[in-house]
Structure formats: structure tokens, C-alpha cells
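# Chain and residue survey
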Amino acid sequence: MAEHVLSQSPSPAQDIDVVRAREMRRHRINVALRYVLLAGVGLLMLYPLIWLIGASFKTNSEIFSNPGFWPENPTLDGYIKGWQTSTPYSFGTFFLNTLWIVIPKVIGTAISCTAVAYGFARFDFPFKKLLFASLIATLLLPNVVTRIPQYLLFRDLGWLDSYLPLWVPSAFAGDAFFVFMLVQFLRAIPRDMEEAARVDGATTWQTLIFIVVPLLMPALISVCLFQFMWTMNDFLGPLIYISSVDKYPVSLALKLSIDTTEAFEWNRVLAMSVLALTPALAVFFLAQKYFIDGISSGGIKG
Amino acid sequence: MSGDNRFLGLFYLSPYIIGLLVFTTLPFVASLYLSFTNYNLMNEPIFTGLANYIKLFTSDRTFRKSLWVTLVYVFTTVPLKLAFALFMAVILNYKLKFINVFRTAYYVPSILGGSIAIAVLWRYIFADVGLVNMGLQLVGLEPVNWFGDPTNALFTITLLRLWQFGSAMVIFLAALQSIDRTLYEAAAIDGAGKWTSFVHITLPLITPVIFFNLIMQMVQAFQEFNGPYIITQGGPLKSTYLLPIYIYDEAFKRFDMGYASAIAWVLFVIIMALTLIAFWSSRHWVYYAGDKRS
Amino acid sequence: MARLQLRNLEKDYGSFRAVHGINLDVEDGEFMVLVGPSGCAKSTTLRMIAGLERVTGGEIRIGGELVNDKTPGDRGISMVFQNYALYPHMKVRKNLSFSMRLKRRPGAEIEKATEHVSGMLEIEPLLDRLPKQLSGGQAQRVAVGRALIKKPQVFLFDEPLSNLDAKLRASMRVRITDLHKRLKAEGQQATVIYVTHDQTEAMTMGDRICVMKDGRIMQVADPVTLYNRPANTFVAGFIGSPEMNFLDAEMEGAGNVRAAGQTIALGEDFAHRLSAGSHGEITLGIRPQHLRIALPETPGTLKGKLNHIEFMGHEVYLYVDIGPKRLIAVVPSASYDRGALRDDWVWLTADPKGVHLFDRQTGENISLAA
């Protein structure tokens, strides 16, 4: 009976090969189309950046005549002249100023957010629900509403034209996003090791420093990286609070360079733009893993 | 744990509590108060009741224009950016080589995009003799007046935001990759084709992420400042004069703190209202896996 | 008719051949179990039948039709997954009716089918729950319901009970076999292919069992035959618990076998069971249940040192060392007599009916001729 059934269909082995080949081809076309789309979009996305880097090595006139990104006569003119800026200060000063903001902010964030996240994730205390709700509320709060009174507060404190307003709030766990991220991360870690430490006689503080922080490291690094990137890009904060040019961070200095004269030297501006972007880019590429893991884990839970 | 002070947790929360009171709650309440006053930093604030709000809604044409522009900006960029991010995430969610390269390539613009450097670059790219026009001429098209034309100017700002779709895409991709493969097998056996599986399995299971991205993107879009400020200075003819810029100008150029606070509160109420609507509607279309946290 | 036929079925992953040209016929309404250790490719075979893995060689026919190129939805099969694979965002009711809704069946028909199936599986009270609100057993019943409602020609089960605890597994086993009988009684098509690594499940549920190893079929037979007439050492050792005892041995004259330096008498009749040809090195196989304690010093028996015993209630497990080899003997408690031991030495005899001889090289059973 089986033979009878088999002999009815013509050369089953041949059919299989033909169909299998068709399947393979369809699959290959699918993959090829994806690659084309992905590469096309990728190129379109990155071309402005590629062009930016190339343009920083061009002369001013070439920028406006050549849409290709490779400079015909590469020159460091943009960098050299741009570094000197049209102010009494070099871009070096501005970069240093940025560091004066970024470093205290990152450190302050790391310390305060860790402590606060530890509190939320490991302790029960009165008003816990209320405080956690306030954290979520702050996360969603558009801070446009608090900006003006904050300015008035800092004015009354005499902190205008200084870097304090830019990093002190972060030192008080003001960035709810990072607290939230660390709390989520901590919640996923079992308490066993901390409990063992307590049994061994450690205080909560010692447990925090010696047990929790090392466990928290990957998320902490993500937090520091994100804060670093966001602070490097911060513009509105410095715009409101910093008035002396000698205190300008890079973001304000760049704005200054396109404000001053009408016919400014684009290659200089672009060169300085490249320099302004480099720290953020470098940090990103060196620590890529932490970025993408951080954003995925912080984002999915919720 | 036994023996611990009941308030130990509060000790660790103390920086947050202080910060919350001093840097958030106090300013929040103060700004509401300020919105009912006339305050120009010289003298004490003068209580004027609803005067600011009345002026805003009846005689302030700049406000109306600014509000309109902001709403257009938000309601075009947010859906477009999310749709595009989801689309690219779906394309990437396949057994391809170099996925990480592509993912990084799309993500880089979103980490740089908010910076002044990029805004400066954008200003060049869309200049009359800038890169985009050069490119258009190369393929035989007419150069476009980007910054002189109100619609085009808004388009350049929109494009800047869309360019940064990478961060949303990465979150979508992670969500797509976390869906249990056997669900698709079960669906195939139940007779579902590729598209049906996407609509009935994939989409419902990523609704929490869609929701999260929607809220985040919307709140960010409403507060966009750097781009329009640097690239178009809010013009031409206030066609890119987003509300945050208006608030900034009123507060820090004209020092009319009371009025600026009123505008800020209107913006805040709009954002909150939309957020609440989104939350309320989420009960009907967002499905949460795993734990029953609301 | 819902017959399943596999002809020279092959699966290659690159240069690795996972399934080596297997042939299997499953009759209409038969409950066929695929069993074997992990890595034997039973799940791969099942997935090829389902259409979830592409076939790289050979044919699969369901109801006489070649289905190699059909999508999983078009083959007339349904599948119960190990992790249930219920759609987490749909209530149980929607999970069950998904396949029918895709085919745009009328609402009344869907209603009726849902009711009928949930009645059969006693999941009516769960219809409005989400999968995350179900226990493991309930989720598995819903998964079975989803498979039933499709009225397929062939049901596929991929280790469905592995995620359940022992007690639940036992009750689900009964439920599944009862369901199968009921479907057949109602005249519905109920051919089942059931994959498991648990030989108890296989032996208690299957009409026939297909024992697999490394992508090849070792033997296909009903449970009794598999137990009493294993075709090779692998099947003999895989089926039955505790495992069959194996000893290296040689033939010694007619009806005698020499193992572990001792001669064991099997009786002249035993020679009738041997297949033709001369046999050099052989393996002696005997199930623990077929070993008996003999009187001390009885000739033709196996002498060994009793290592320890386990009292199992109405049976006693004896762990006996014969040279370097450890044998297990399972004897009824009533027959266990300490008097039969001499300083921990015990003499074991075997019921010749339970003795098997295997070719040591090929593992093939050479004592099945009668």
C-alpha cells in the first residue's frame, strides 16, 4: 500500500529540491532587502556626522562648494584658528570649564542616587509609598515649570554665574531617572549576600559600600555614562546661569562662535563642534555595552 | 531587619528628600504663585490674580502661534519617530550579521543630537548654500529655502528630532527580542501568517514599551529647546517658536517672571493632561507581562 | 484517514546530520510515543512533522498527502508545547479560539467549540482568566484544549509534562490517555505523536513506542514487546526500571554461558532461542526482576557479594557485587530469606525466559529466534 501511494507522485525527491531552492532564494532576497534598507538608512543617518568630521579639515570656501566629505586639501586651519576663538580665551578654557561642571555632577549623582536607591530597594519606612510615588512623579514632571523659581532660589543664594546650580541638585539625587534605574536593578539582585554581611556584623552602611556597590557596578557605570553624556550636551542650564564668558562651558562657547559675527568662519566652528562631540563619542564607543544594556533594562521594566 | 532603626531607610533617602523639597516642591509651588503675579526682579512680586492668564488666552497672539507650533511639532514628531523606530527595530530583529553595527550607527545620533554642536551642524546643513541644497542640485533639483520659509523651517527642526530615533529603536529592539519564540511557533500552527502574527502576537506584547516610549517622547518633545533656539532662533515669523523658547524669552530676556510662569503652567497642564489621558487609555490597550505591578 | 508516514526522513544542520533517514508508519488513531535520551533527535523529528523545522531529506505524509512544503497551519496538525506557549495577552477563551478566529469561523460555531473543549478538559471556570493567573496544570490543560479545538488529523506533544511536578504528571498522564480513548470512541481522528524522555510515560501511555538514539530508530514496538523482546542492548537498557543488568560473557557449550569467571546454566531449551551463526563475545542481559536467590552453592548460578539491600515494601532491592560489576536483583519480600546467605555471599539464579544474549559488538539481541 505504501509503495502504491509513493509511486503516484512524480519523483518526490526532485520536487523537494526544486521547492527547497525556491525557499532559499526567497530567504536570500529577504535578507538582501533588509541589508540594503539598513545600510541605506545608516548611511543617511551618519552622513552628516561623517561630513562634519571631513569638513572640519576643509577650508572655508571648500565647505560651501564640495558636498563630498573628503577634503581636497586637508588643513588644520579650522582647528588652530577655532581653538583660539574670537574671545580672549582658548577652547581649552571652555573645555576645562565643562569639566568643572561634569565631574562634580557625575560624582554627586553616583553617590546620592546609589544611597537613595539602596534606601528604596532594601528598606521599609514610613511614607515609603508616598516617596516612591513622588519619584515617579518627578520622572514625568516637565521641569519647565520649576526652572524659573529655581533661578530665583539660586539668585537668592548668590549662586548665579557659578557652576553650583548646575550640579548641586544632582548631588541630592535630583535626577529621578537614575534613581529609578538603580532601584530596578537592585530589585533584581537577591539579598542573600547582604543578609550574610549583616549576620557577619556589618552595618547597613558597610553593607552598602562593600557588598551592594560592587554588585551595582554595571548599572552605576551606565548611570555615570549617561549623566556624563547628558551634561556634556547641556545648554539651557548654562545659558540661564552662566553670564561671564570666562566661565562658559563648551556648549555656550559654541553658541558664542556663531553669534559674534555674521560672516563667521564655518570651518572653525565645525572644527570646534567636532572637538565638542569627541568626548561624548569616545566615551560611548569605549563603554558601548553599558549604554545599550542600561537603556534596555531601564526601559523594559516599565 | 531586627534591630534596625525604623527610620534607617529615611536616612538613606535624606538627600532625595531634601532635594525634593528644596529643588522641586518649593519651586513647583512658587511657580504657581508667580503665575498669578507681576514680577520683574526689581521689586517685590505684585499679585495680579488671573491677569496673566487672561492676557495669554485673549490678547497674546504670540502665545497662540507658539502653542500651535508646539502642538504641531509634538503631534508630528512623536508618532513619526515612534513608528520609524519600531519599523527599524522590526527590520533589525532578524538573524543578520552586523546587527550591532547597525544598532550603534542608529543610536549615535540620539546621544549627540541634543548638543549644540549638532544644532550648529544642522544650521549649516540646511543653509542656502549648505549640504542639503548642494545635494539637491547634484541630482538636478532646485535648492530649497529652508530657513526663510516657515514650513520648511519647522521641517528642519522636525527632521532633527526624527534623526534621533535610535534611542527609542534600541528599546523596541530589546522588547522584540525578548518575546518567547515558541509563541510564534504556536501561532504558526494555529494558522497565522507573518502579518497576522505581528498584529496579534508581537504588537500586543510590546505595548508596555510602546507606552513607555510614547510618554517619554511626548514629554521630551514638549520641552524641546536647543534645536529651535540655535538653528532657527524660533523663526522665521515665529514658525519654530516652541513654547519653551517663549518662556525663556519672557523670563530671561524680558524678565517678566510672572508672565513666563503663567505660560510655563499652561504648558505643564497640557503635558499633564495628555499624560493622564495616555495613562487612562493604557488600561485598554497595554498588556503587562509578569508581575502585576500597575 | 490520519495516518502518518515518515520515509527516509533526514535533518542536516550544515555538515552535522541530526536525523539519519528514519522510516516510521503510524496508524490512524494510534498513540505513538517517541522516546530516547536527550540528543536523540526526537524533538527534531516532531518539529519536522509540525513544519517548524525544514526537512533536508525524505518525506512526511499525513493522511497520504505529502506535507513537506506545507506551512504548519496547513498540515492538519496541532501541537502541545513543553512550556505551554499560551498567548500571554489573551484570556483563556481567546487562546482557545485563536485558530478558529483566524479562519473567520462564525461566532456561534466558535462558542460551541470552545464550550465543548473546555468541558472535556474541565477548564470552564478558567475561561476568563489570563495565562499568568493559571497554575502549571491548568495552563497545560488549556494548551491541550487549544490543540483539540482545531480538530487536527495528528496531535503532536512535545514533552508536555516535563514542567509539572511528579504528582501532577501522574494525573495528567491519565487525563491525556483518557482523552485519547474518548476521542476515538467519538469517532474523531486522534492520531498522536508524543515525545518524552521519560520511559515510564512512554510505557504507560503508548500504543507503540519508538525508541530513538542519536537520530536513529532503535526499535518500534508495543510496550510489552519492547520489554520482553528488546532488539538491542540500548532498548533493553533504556526500557524498564531498574535498568537491565549487563555482563560480559561467552558461550560455553549448549545451554551454558560463562560470565564473571562463573558458568551459568540456562538449560538446553535455551539454544532454540539463539539466532543462527556462531557467536563469539556476547553480553548477557537480565532484568533485576528476573533474578532469584538460589540455595547456597547451587551449581550453575552466579555467586556474588551482597553490598546492601533496600527494603521497598513488597519488594527488596539487592545490590550484589560480582567481581567489579554490580548487579541489582529485585525479589518479592516474602522470598527474601537471610538464611540463603553465607557471610554476605549470595547465589543468584535467573529465569531463562528473562535472559537475553546480545552480540557484544553490534548490541543486537541474538536470543529472539523463538
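Residues numbered from 1 in each chain as written. Chains lettered and ligands numbered in written order. Predicted model: local features only at pLDDT ≥ 70, side-chain atom pairs only at ≥ 80, totals over all residues.

### Digging into the interface of chain A and chain B
Between chain A and chain B, the residue contacts involve 65 residues of the former and 76 residues of the latter. Sort the elements by how many residues they give to the side of chain A that touches chain B and helix α2 (residues 12-55) of chain A lands first, with 11 residues. Grouping the constituent residues of the side of chain A that touches chain B by class yields 44 nonpolar, 16 polar and 5 charged. (Contact = placed C-beta atoms within 7 Å. Helix = DSSP H or I, 4+ residues; strand = E, 2+ residues; numbered from the N terminus. Nonpolar A, V, L, I, M, F, W, Y, C, P; charged D, E, K, R; others polar.)

### So, the domain arrangement of chain C
Residue and element names in this part refer to chain C. Along its sequence, chain C is organised into domain 1 (4-237) and domain 2 (243-359). Computed from C-alpha coordinates alone, the two centres of domain 1 and domain 2 are separated by 40 Å. Listed as interface residues are 5 residues of domain 1 and, on the opposing side, 7 residues of domain 2. The residue inventory of the side of domain 1 that touches domain 2, partitioned by class, reads 2 nonpolar, 3 polar and no charged. (Domains from an automatic or database assignment.)

### Looking at the sheet that holds strand β6 (residues 77-80) of chain C
Residues and elements named next belong to chain C. Reading across the sheet, the 6 strands line up as β6-β7-β8-β3-β9-β10 and stay open at both edges, with mixed pairing between neighbours. Of all strands in the sheet, those with a lone pairing partner are β6 and β10 (216-221), marking the two edges. Pairwise comparison of adjacent strand axes, ignoring direction, gives a mean angle of 20° for this sheet. Bridging between strand β9 (residues 208-213) and β10 involves 5 bridges; their strand directions are antiparallel. Bridging across to β10, Val211 finds its partner in Gln219. Docked against the sheet, helix α4 (residues 136-149) engages β6 and β7 (154-158), running at close to 180° with respect to β6. (Pairing = 2+ DSSP bridges. Axes fitted to C-alpha atoms, helices over the stretch in contact; angles between N-to-C directions.)

### A few points about the environment of C:Pro332
All names here are of chain C. Mapping Pro332 onto the fold places it in strand β18 (residues 325-332). With 11 C-beta atoms counted inside 10 Å, the residue Pro332 sits in the exposed group. Sequence separation between Pro332 and Thr225 is 107 residues, and the spatial gap between their C-alpha atoms is 24 Å. (Buried ≥ 20, exposed ≤ 12 C-beta atoms within 10 Å, placed from the backbone.)

### A few points about the nonpolar core
Judged by nonpolar contacts, the single largest core of 251 residues is most densely connected at A:Val179, A:Leu182, B:Phe172, B:Ile263 and C:Ile193. Of the residues forming this core, the biggest block, 12 residues, is contributed by helix α5 (residues 91-122) of chain A. In this structure, A:Leu182 is in contact with A:Cys113, A:Thr114, A:Ala117, A:Leu216, A:Ala219 and A:Val223, ignoring residues within four places of it in sequence. (Core = buried A, V, L, I, M, F, W, Y, C linked by C-beta atoms within 7 Å.)

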